[in-house]
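Each chain, letter by letter, is given below.
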Amino acid sequence: MFTEESILPVVKAYDFENWGGLPNFPCGFINYGYWESILHCDNDKTISYGERVDASKALYNKVVEKLSIDTSDVVLEVGSGTGVGANYVAMEWKPMKIVGIDATEKQVRIAKMLQQFNIIIQDGIEFLNCEASTLSIGQVDKIYSVEAVSYTHLRAHETSLHL
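Nothing here was measured: the structure is a model prediction, and the numbers come from that model.

Caption draft 1: Here's a closer look at the pairing of strand S2 (residues 97–102). Most of S2 sits out of view: 5 of its 6 residues are buried. In the sheet, strand S1 (residues 74–78) pairs with S2 via 5 bridges, with the strands oriented parallel. The residue bridging Val 75 from the neighbouring strand is Ile 98, located in S2. The parallel pair S1 and S2 is bridged by helix H3 (residues 84–93), and the resulting crossover is right-handed. Bridge analysis of S2 against strand S3 (residues 125–129) gives 5 bridges, and the strand direction is parallel. Bridge pairing in S3 links Gly 100 to Phe 127. Where the polypeptide runs from S2 across helix H4 (residues 105–116) and back to S3, its parallel neighbour, the crossover connection is right-handed.

Caption draft 2: Highlighting the pattern of salt bridges. Applying the stated rule across the entire model yields 2 salt bridges. Residue Lys 142 is joined to Asp 73 by a salt bridge in which the shortest nitrogen-to-oxygen separation is 2.9 Å. With a gap of 69 residues between them, Lys 142 in strand S4 (residues 142–144) and Asp 73 in the loop between helix H2 (49–64) and S1 connect regions that are remote in the sequence. The same class applies to Lys 142 and to Asp 73, which are both buried. Measuring nitrogen to oxygen at the nearest pair gives 3.0 Å for the salt bridge that ties Lys 97 to Glu 126. Here Lys 97, found in strand S2, pairs with Glu 126, found in strand S3; they are 29 residues apart in sequence, far enough to count as distant.

Basis of the calculations
- Residues numbered from 1 in each chain as written.
- Predicted model: local features only at pLDDT ≥ 70, side-chain atom pairs only at ≥ 80, totals over all residues.
- Heavy atoms only, no water.
- Buried < 20%, exposed > 50% of the residue type's maximum accessible area, 1.4 Å probe, protein only.
- Helix = DSSP H or I, 4+ residues; strand = E, 2+ residues; numbered from the N terminus.
- Pairing = 2+ DSSP bridges.
- Right-handed = clockwise from strand over helix to strand, strands pointing away.
- Salt bridge = Lys/Arg side-chain N within 4 Å of Asp/Glu carboxyl O.

Okay, structure coming up:
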(Lines give C-alpha, C1' and ligand atoms only; values in the text may rest on other atoms or scores of the structure.)
Protein backbone atom coordinates (compact mmCIF):
# COMPACT_ATOMS: atom_id res chain seq x y z
CA MET A 1 0.00 0.00 0.00
CA PHE A 2 1.18 3.51 -0.74
CA THR A 3 1.76 5.82 2.19
CA GLU A 4 1.60 9.60 2.14
CA GLU A 5 5.36 9.74 2.77
CA SER A 6 6.12 7.50 -0.21
CA ILE A 7 3.71 9.08 -2.67
CA LEU A 8 3.96 12.80 -1.85
CA PRO A 9 7.20 13.38 -3.85
CA VAL A 10 5.54 11.77 -6.88
CA VAL A 11 2.40 13.88 -6.48
CA LYS A 12 4.58 17.00 -6.34
CA ALA A 13 6.47 15.88 -9.46
CA TYR A 14 3.24 15.32 -11.37
CA ASP A 15 2.32 18.94 -10.81
CA PHE A 16 5.54 19.97 -12.59
CA GLU A 17 4.89 22.34 -15.53
CA ASN A 18 6.10 19.87 -18.14
CA TRP A 19 6.91 16.39 -16.92
CA GLY A 20 7.76 15.41 -20.48
CA GLY A 21 10.62 17.91 -20.26
CA LEU A 22 12.42 15.87 -17.62
CA PRO A 23 15.52 14.02 -18.89
CA ASN A 24 14.13 10.55 -18.16
CA PHE A 25 11.17 11.24 -20.48
CA PRO A 26 12.61 12.10 -23.91
CA CYS A 27 10.75 13.80 -26.71
CA GLY A 28 7.79 14.65 -24.45
CA PHE A 29 6.60 11.08 -23.87
CA ILE A 30 6.04 10.28 -20.19
CA ASN A 31 5.91 6.49 -20.38
CA TYR A 32 8.58 3.95 -19.56
CA GLY A 33 8.54 2.30 -22.96
CA TYR A 34 8.17 -1.16 -24.41
CA TRP A 35 11.62 -2.67 -24.76
CA GLU A 36 11.21 -6.19 -26.13
CA SER A 37 12.32 -5.36 -29.67
CA ILE A 38 14.81 -2.67 -28.66
CA LEU A 39 17.12 -4.18 -26.05
CA HIS A 40 18.19 -7.78 -25.76
CA CYS A 41 19.24 -8.29 -22.12
CA ASP A 42 22.56 -6.46 -22.41
CA ASN A 43 22.86 -5.07 -18.89
CA ASP A 44 26.15 -3.33 -19.67
CA LYS A 45 24.74 -1.32 -22.56
CA THR A 46 23.96 2.37 -22.12
CA ILE A 47 20.51 3.21 -23.43
CA SER A 48 20.68 5.92 -26.07
CA TYR A 49 18.26 8.82 -26.39
CA GLY A 50 16.99 7.37 -29.68
CA GLU A 51 16.36 3.96 -28.10
CA ARG A 52 14.45 5.65 -25.27
CA VAL A 53 12.21 7.47 -27.79
CA ASP A 54 11.77 4.26 -29.82
CA ALA A 55 10.72 2.40 -26.67
CA SER A 56 8.13 5.08 -25.85
CA LYS A 57 6.68 4.86 -29.35
CA ALA A 58 6.80 1.06 -29.18
CA LEU A 59 4.57 1.14 -26.09
CA TYR A 60 2.01 3.24 -27.98
CA ASN A 61 2.28 0.83 -30.92
CA LYS A 62 1.74 -2.17 -28.65
CA VAL A 63 -1.45 -0.68 -27.16
CA VAL A 64 -2.97 1.24 -30.06
CA GLU A 65 -2.41 -1.31 -32.86
CA LYS A 66 -4.88 -3.61 -31.09
CA LEU A 67 -7.65 -1.04 -31.67
CA SER A 68 -7.60 -1.27 -35.48
CA ILE A 69 -8.12 2.47 -35.81
CA ASP A 70 -9.34 3.70 -39.18
CA THR A 71 -9.94 7.12 -40.72
CA SER A 72 -13.60 7.23 -39.65
CA ASP A 73 -12.90 6.68 -35.93
CA VAL A 74 -13.27 9.18 -33.12
CA VAL A 75 -10.66 8.14 -30.57
CA LEU A 76 -10.35 9.10 -26.91
CA GLU A 77 -6.98 9.17 -25.12
CA VAL A 78 -7.40 9.13 -21.35
CA GLY A 79 -4.49 10.90 -19.73
CA SER A 80 -3.17 12.72 -22.79
CA GLY A 81 -0.81 14.98 -20.82
CA THR A 82 0.97 17.43 -23.11
CA GLY A 83 -0.43 15.76 -26.23
CA VAL A 84 2.71 14.10 -27.55
CA GLY A 85 1.13 10.63 -27.57
CA ALA A 86 -2.11 11.84 -29.19
CA ASN A 87 -0.02 13.55 -31.84
CA TYR A 88 1.91 10.32 -32.49
CA VAL A 89 -1.34 8.33 -32.78
CA ALA A 90 -2.85 10.95 -35.12
CA MET A 91 0.18 10.84 -37.40
CA GLU A 92 0.55 7.04 -37.42
CA TRP A 93 -3.08 5.84 -37.49
CA LYS A 94 -4.88 8.92 -38.91
CA PRO A 95 -8.25 8.69 -37.14
CA MET A 96 -10.93 11.25 -38.00
CA LYS A 97 -10.52 12.84 -34.55
CA ILE A 98 -8.67 12.33 -31.30
CA VAL A 99 -9.95 13.81 -28.06
CA GLY A 100 -7.25 13.89 -25.43
CA ILE A 101 -8.35 14.37 -21.84
CA ASP A 102 -6.21 15.01 -18.80
CA ALA A 103 -7.11 15.87 -15.21
CA THR A 104 -4.14 18.24 -14.94
CA GLU A 105 -4.89 21.70 -16.28
CA LYS A 106 -1.20 22.56 -16.76
CA GLN A 107 -0.66 19.56 -19.05
CA VAL A 108 -3.67 20.46 -21.21
CA ARG A 109 -2.50 24.07 -21.40
CA ILE A 110 0.90 22.89 -22.67
CA ALA A 111 -0.76 20.60 -25.25
CA LYS A 112 -2.81 23.51 -26.60
CA MET A 113 0.29 25.73 -26.68
CA LEU A 114 2.19 23.08 -28.64
CA GLN A 115 -0.69 23.09 -31.12
CA GLN A 116 -0.51 26.86 -31.46
CA PHE A 117 3.17 26.59 -32.37
CA ASN A 118 2.45 23.72 -34.81
CA ILE A 119 4.55 21.27 -32.80
CA ILE A 120 1.42 19.16 -32.40
CA ILE A 121 -0.99 18.98 -35.33
CA GLN A 122 -4.08 21.13 -34.96
CA ASP A 123 -6.62 19.47 -37.23
CA GLY A 124 -8.34 16.49 -35.71
CA ILE A 125 -7.00 16.72 -32.15
CA GLU A 126 -8.83 18.36 -29.25
CA PHE A 127 -7.53 18.57 -25.68
CA LEU A 128 -9.83 18.90 -22.67
CA ASN A 129 -9.15 19.37 -18.98
CA CYS A 130 -11.47 16.87 -17.31
CA GLU A 131 -11.65 13.42 -15.83
CA ALA A 132 -13.05 10.50 -17.80
CA SER A 133 -15.99 10.16 -15.40
CA THR A 134 -17.19 13.70 -16.23
CA LEU A 135 -16.65 13.56 -20.00
CA SER A 136 -19.51 14.40 -22.35
CA ILE A 137 -18.34 14.57 -25.98
CA GLY A 138 -20.76 12.31 -27.79
CA GLN A 139 -19.84 9.12 -29.58
CA VAL A 140 -16.35 7.69 -29.26
CA ASP A 141 -15.35 4.67 -31.31
CA LYS A 142 -12.10 3.67 -29.60
CA ILE A 143 -10.54 4.46 -26.21
CA TYR A 144 -6.96 4.00 -25.09
CA SER A 145 -4.70 5.05 -22.26
CA VAL A 146 -0.95 4.56 -22.37
CA GLU A 147 0.76 6.97 -20.04
CA ALA A 148 -1.95 7.58 -17.42
CA VAL A 149 -2.01 3.96 -16.27
CA SER A 150 1.51 4.40 -14.89
CA TYR A 151 0.28 7.18 -12.61
CA THR A 152 -3.16 6.04 -11.44
CA HIS A 153 -1.83 5.70 -7.90
CA LEU A 154 -1.47 9.49 -7.84
CA ARG A 155 -5.19 10.02 -8.34
CA ALA A 156 -5.98 7.30 -5.79
CA HIS A 157 -3.86 9.18 -3.23
CA GLU A 158 -5.65 12.45 -3.94
CA THR A 159 -9.06 10.89 -3.39
CA SER A 160 -7.97 8.89 -0.32
CA LEU A 161 -8.37 5.51 -2.02
CA HIS A 162 -6.03 2.75 -0.96
CA LEU A 163 -4.44 0.42 -3.50
